[in-house]
Amino acid sequence: MSDEIRVNGKCHCGNITIKAQVKLSEVRACHCTDCQKMSGAPLRAIALAPADKITINGTPKEYIKVGDSGNKRIQAFCQDCGTQLFATDMEKTVFNLRTGFLDQKDALSPTQHVFTQSSMPWIKTIIL
Ligand SMILES: [Zn+2]
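Since we're looking at a predicted model, the values are computed, not measured.

What counts as what
- Residues numbered from 1 in each chain as written.
- Predicted model: local features only at pLDDT ≥ 70, side-chain atom pairs only at ≥ 80, totals over all residues.
- Helix = DSSP H or I, 4+ residues; strand = E, 2+ residues; numbered from the N terminus.
- Rg over C-alpha atoms; globule rule 2.2 N^0.38 Å.
- Contact = placed C-beta atoms within 7 Å.
- Core = buried A, V, L, I, M, F, W, Y, C linked by C-beta atoms within 7 Å.
- Buried ≥ 20, exposed ≤ 12 C-beta atoms within 10 Å, placed from the backbone.

Undergrad: Is there a simple way to explain the overall build of the protein chain in this structure?
TA: The helix and strand inventory of the protein chain stands at one helix and ten strands. Counted from the first residue to the last, the protein chain has its helices and strands arranged as β-β-β-α-β-β-β-β-β-β-β. For a compact globule of 128 residues, the expected C-alpha radius of gyration is about 14 Å, and the protein chain comes in at 14 Å, within 12% of that figure. If you line up the protein chain on its principal axes, its C-alpha atoms span 40 × 35 × 25 Å. Put simply, of all contacts in the protein chain between residues at least 6 apart along the chain, 57% involve residues at least 24 apart.

This is the structure in structure tokens:
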């Protein structure tokens, strides 16, 4: 039954801490060009938490990204250290947590890859 795990994390400077409950089956690696740009990395891994299963301490800075479709998404990060924390819809119903700042990131293995049409051409060659 327990596809769900509790996660917690804090930003690099420690001003913001987040606790949440996420489903392992809903961990994704996103290869979209916005994730590449905004993360500064070739892809970004996310874990989904509904609003009633997340607790945020501190005040993340919010940047509203407007997609090509006109869709708006809140992108939240620490305004002091720049750690990326989550994205969410304008009504804040579901939070896409960036897994890199979570203490349990080792367990958050992506089960889905999305927007692979813009993935790096070398992505399948990196086997450590
Ligand atoms: Zn910070």
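Undergrad: Explain the nonpolar core here, please?
TA: By size, the foremost hydrophobic cluster in this structure holds 26 residues, and its most contacted members are Ala20, Val22, Ala47, Ala49, Leu85, Phe86 and Leu97. Only strand 2 (17-23), strand 3 (27-30), strand 4 (44-50), strand 7 (72-77), strand 8 (84-89) and strand 9 (94-98) provide two or more residues apiece to this core. With four residues, strand 4 is the single largest residue contributor to this core. Filtering out sequence-adjacent residues up to four positions away, Ala49 remains in contact with Ala20, Gln21, Val22, Ile54, Phe95 and Leu97.

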